[in-house]
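Descriptive structure summary
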Number of protein chains: 2
Amino acid sequence: MDWEDQLARYVAEIEAGLQAFIESLEFSDSAELRSMLRYHMGWEDDLGGGKRLRPALTLLCAGACGGDYQSAMPAALGVEFLHNFTLIHDDIEDRSTTRHGRPTVWTRWGLAQAVNAGDGLFSIAQLALLGLVDSCGETVAIRAAREMNRTCLHLTRGQHLDIAFESEDEVALEAYLAMIEGKTAALIAYCTSTGGLAAGADDATVARLGAFGKALGLAFQIQDDFLGIWGDPAVTGKSAASDLLARKKTLPVLYGLKNCAEFRRLWEDDDPDPELVMAMARTLADCGAAAYVREQAGAYMRQAREALAELFPHPNQDARTLIALTEALLNREM
Amino acid sequence: MDWEDQLARYVAEIEAGLQAFIESLEFSDSAELRSMLRYHMGWEDDLGGGKRLRPALTLLCAGACGGDYQSAMPAALGVEFLHNFTLIHDDIEDRSTTRHGRPTVWTRWGLAQAVNAGDGLFSIAQLALLGLVDSCGETVAIRAAREMNRTCLHLTRGQHLDIAFESEDEVALEAYLAMIEGKTAALIAYCTSTGGLAAGADDATVARLGAFGKALGLAFQIQDDFLGIWGDPAVTGKSAASDLLARKKTLPVLYGLKNCAEFRRLWEDDDPDPELVMAMARTLADCGAAAYVREQAGAYMRQAREALAELFPHPNQDARTLIALTEALLNREM
C-alpha cells in the first residue's frame, strides 16, 4: 500500500473514533456544550478540524514496533482531544479570532463558555486515553495517563514562557528553545512514545521513540519559524515575512536582536509597513540568522532521522509510512 | 479524640501533602508558574487557601469504611487540586476579582496566564490522584481516574448551564437543580465515594457514599441560596440579601419569578437600592419561596443523614467525625 493511502486510512479511522467517543458521552441538558466541542473539532461544517497527524504518529509508532495499531487507538484519540483542548485555550490566550477558516470558540460563544469547554475537552482526552485499560491492560494505561499529565504540565510550562516572552524585551535563545520544547515538541514526543508503549515495546525503545518525536517537533517548529519569515507565500499560504509583520519573537528574530544592530534598529520601529518588513527580512538573512536557523533545524532533523534509522533497521509497512511521513514533514523548502 | 481535633489533624496532613506534591514537580525555567499556583493555594501569605473540607471528606470516608486513611491521601490531594483548578477558571468566567481576601489569579497575572495556570493545576490534580497506584493498586487507581474525569465533565456541564443561565430570562427549577448537581454536588460525591473506593469498600458502599456526598452537596448549596437572601449578615459575613443585590438567579429567585407576580415586578427593576432589595426579600418570603427552599434543603439533608445512618450503623472514630462534620455543615441557621 502507498504510504499516503495508509496514512489516509488511519486518519479516517481516527476521525470516526473521535466522533464516536464524543457521541458516547452523556451531555443531557448541556447539549450546547457538545455542539461547541463538535464545532471546534470540525464536525459542524465542511472546513475540517485539522490533519490528525499527532494521533496518526501514535498509531504508526505502535504498528512500526510490531504491535496492532488498533490497540493504540485510545491513546490516539486521547492525544488528539488533548491537542484540541490546548487549541481552544491557546486561541483565548493569544486572542486569535479564526482557526481553520472559522471563528474560534471564544469568538463565537464568549470567553467564559470557551474556557469551560476547553476544560471539558481536557477531561474527555483523559477518558479516551484511559480506554487503553481495555486494549493494553492496567499497567500500560496508568503509565500512559501519568505521562500524559506530565506532558500537559510541560505544555503549560512552555505556554507560560510563551506568554511571558510577549512582554519581555530580550529572550535568550536557550529560553526560546525550552519554550518550544514544551509548547510543541513535548506533545509530539508523547504521541510517538505512547504508540510504542501501547505496542508493548521495551523501555529503551519507548524512550528512543520519545527522542525521535521531540527532535521531529523541534525541527518542525524551527522550520516553521524560518518559513514565517523567508517562506514562499505561494507555498505557505501566508503573506511574505508574516511573522515579522505580526512581530512574533521567533528564533530568527531573537538571533537578530542579539547579533545584529541594524536589525535591532529596524525592529524598534513599532509600526512597520510591508516594505520595511521586507528590508528587515533581508537584513536578518544578511547577518546570518537564516543560516543559524537552518543549522538548528538541520541538527534536529538529523537527530530525528538517526533515531528512526536506529529504531527501525528493517522497517515493516507502518515503519515505512512513518519514515515517509517524517520526510514529508521535514522536507519543506528552506 | 474530639472530632474537631481529628479533622484539624487530617487537614494539616492534607495541607502538608499538597505543598510537598507541588514541590516534587519539575518547573525549571517556569518558576513563576509555580509561584502562581502557590499563591492561589494560599501559601505565599497568611490568608489561607480554603478549609480543605473536600479532601477531608475523602480521608474520613476511607477511615469510616475501615480503611487506612493514608492510603486515600493521593485521592485527597487530587480532589483538592482539582477543586482549586476549577476555582482559578471560575474566577475568570465569573469575572471575580477577589478570593480569600486577595486578588484572584487572573486579576494579578492577567487572563492568559491564569487560564494556563488552571490547566497546569488540572494536570497536577490527575498526577496526584494517580499516586493511588502505589497505595491502592492499579485497579483502584484506574477506576478513580476514570471517575474523576467523568466528574470533571459533569462539572463543566454544570458550569456551562450556570453561565448560560446568566443571560436567560427564565430558568426552570429542574434545570437549576441539574446545574448545582453538576457544579457543586458532583465533586462532593466524588470525594466521598473515592474515599470508600480507596478503602476497598464494595461497590454498593461506594455508590451509597456517592449518594451521601451528592445529597450533602445539594443540601449545602440550597442552604447557601437561602442564606444569600435571608441569612443573618452577622453570621454570613455578607451584606443582607447579598444575592439579590448581586442579581443572582438562585433557587428562591427562580421560585419567585415563577410563582409571584409582585416579586417579578420588583426583580425587573434593573438597579435596585438596598431598601428595595429588603422589600424583595420580604415579598419572596411571603409568597412561599423561603418555605419551598427550606423544604428542598430539608429533603436533601434527610437523604444525607439517612445514607450515613445506613452506611455506618456502628460508627468508628472516623465515621463519628464524618457524622459530626456533616451535622456542622448542615446545621446552619435557616
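Residues numbered from 1 in each chain as written. Chains lettered and ligands numbered in written order. Predicted model: local features only at pLDDT ≥ 70, side-chain atom pairs only at ≥ 80, totals over all residues. Heavy atoms only, no water.

- The name an unreviewed UniProt entry gives chain A is (2E,6E)-farnesyl diphosphate synthase, with Candidatus Brevifilum fermentans as the organism.
- Database annotation for chain A, UniProt heading Sequence similarities (unreviewed entry): "Belongs to the FPP/GGPP synthase family." (UniProt positions renumbered as here; feature names shortened; annotations may be inferred.)

Points about the pattern of salt bridges
- Applying the stated criterion to the full structure yields 36 salt bridges over all chains.
- The partner of R146(A) in a salt bridge is D134(B), with the nearest N and O atoms 3.7 Å apart. Separated into two different chains, R146(A) in helix α8 (residues 138-166) and D134(B) in helix α7 (residues 132-136) make up a pair that spans both.
- Salt-bridge contacts for E15(B) lead to R52(B); the nearest nitrogen and oxygen are separated by 2.7 Å. Residue E15(B) is found in helix α1 (residues 3-23), and its partner R52(B) is found in the loop between α2 (31-41) and α3 (53-64); the two are separated by 37 residues along the sequence.
- According to the relative accessible area criterion, E15(B) is partly exposed, its value standing at 22%. (Salt bridge = Lys/Arg side-chain N within 4 Å of Asp/Glu carboxyl O. Helix = DSSP H or I, 4+ residues; strand = E, 2+ residues; numbered from the N terminus. Buried < 20%, exposed > 50% of the residue type's maximum accessible area, 1.4 Å probe, protein only.)

Re the interface of chain B and chain A
- Each partner contributes to the interface: chain B provides 47 residues, whereas chain A provides 47 residues.
- Interface area for chain B against chain A, summed over the two sides, is near 4,200 Å², with a carbon-plus-sulfur share of 65%.
- Along the contact surface separating chain B from chain A lie two salt bridges.
- The interface formed by chain B and chain A includes 17 residue pairs in polar contact (both at pLDDT 80 or more).
- Residue assignment for the side of chain B that touches chain A shows that the elements contributing at least two residues are α2, α4 (73-93), α6 (111-130), α7 and α8 (138-166) of chain B. (Contact = heavy atoms within 4.5 Å. Buried area = accessible area lost by both parts, 1.4 Å probe. Polar contact = N/O pair within 3.5 Å; in protein donor to acceptor, adjacent residues only side chain to side chain.)

Brief notes about the relation of the copies chain B and chain A
- For the pair chain B and chain A, the best superposition has an RMSD of 0.0 Å and corresponds to a rotation of 180° with a translation of 0.0 Å parallel to the axis. Between the two chains, the operation in question is that of a two-fold axis. It is E138(B) whose C-alpha, among those of chain B, lies nearest the rotation axis, at 3.1 Å.
- Same-surface contact between copies: 100% of interface residues of chain B are shared with the interface of chain A. (Least-squares fit on C-alpha atoms with pLDDT ≥ 70 in both.)

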